[in-house]
Amino acid sequence: MAKTARIVGIEGELQAAIALQEKGMQLIGRNFRYKTGEIDLVLLDEEDLVFVEVKNWPANGLENLELMITPKKQHRIIETAKYFLASHREYKYRSIRFDIVFLQPGEPMVHLVSAFTEST
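Residues numbered from 1 in each chain as written. Predicted model: local features only at pLDDT ≥ 70, side-chain atom pairs only at ≥ 80, totals over all residues. Heavy atoms only, no water.

Novice: Would you explain the overall build of the protein in this entry?
Specialist: A tally of regular secondary structure across the protein gives three helices and five strands. Expressed as a percentage of the 120 residues in the protein, the buried residues total 38%. Once local pairs closer than 6 in sequence are excluded, the contacts in the protein between residues at least 24 apart make up 55%. (Helix = DSSP H or I, 4+ residues; strand = E, 2+ residues; numbered from the N terminus. Buried < 20%, exposed > 50% of the residue type's maximum accessible area, 1.4 Å probe, protein only. Contact = heavy atoms within 4.5 Å.)

See the structure below:
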């Protein structure tokens, strides 16, 4: 039986969380939701608070990144991150960044650091 998209997504998020922790990042949250959207992973990378979007992309390569994270999707992630910061004041003085983890079956994980910013 084929895996559902949700199961593939959950497995990908778990794989990304483990790999990022192996790089020394500290996981502080998964699947943070607000009315504006969801953030797959929230981690600390030294002094940076990192909001991570995990994408499983079986059919296309990195050249199609704009199809995965549209400006609308970026805006939703940024707005959700603002709510996270407002509700978790202990992180208010940290630098923030938005990363993307890109997963393809049979390929090594690609971690795009600072993939987008609020001004993009």
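What follows picks up the thread again.
Novice: Could you clarify how one ought to interpret the nonpolar core in this entry?
Specialist: For soluble globular proteins, nonpolar side chains are generally found buried alongside one another. If you look at the biggest cluster of nonpolar residues, it comprises 19 residues, and the most contacted ones within it are Leu 49, Phe 51, Phe 84, Phe 98 and Phe 116. The leading source of residues in this core is helix H3 (residues 71-87), at five residues. Discounting residues that sit within four places of it in the chain, Phe 84 has contacts with Ile 28, Phe 32, Val 42, Leu 49, Phe 51 and Tyr 91. (Core = buried A, V, L, I, M, F, W, Y, C linked by side-chain atoms within 4.5 Å.)

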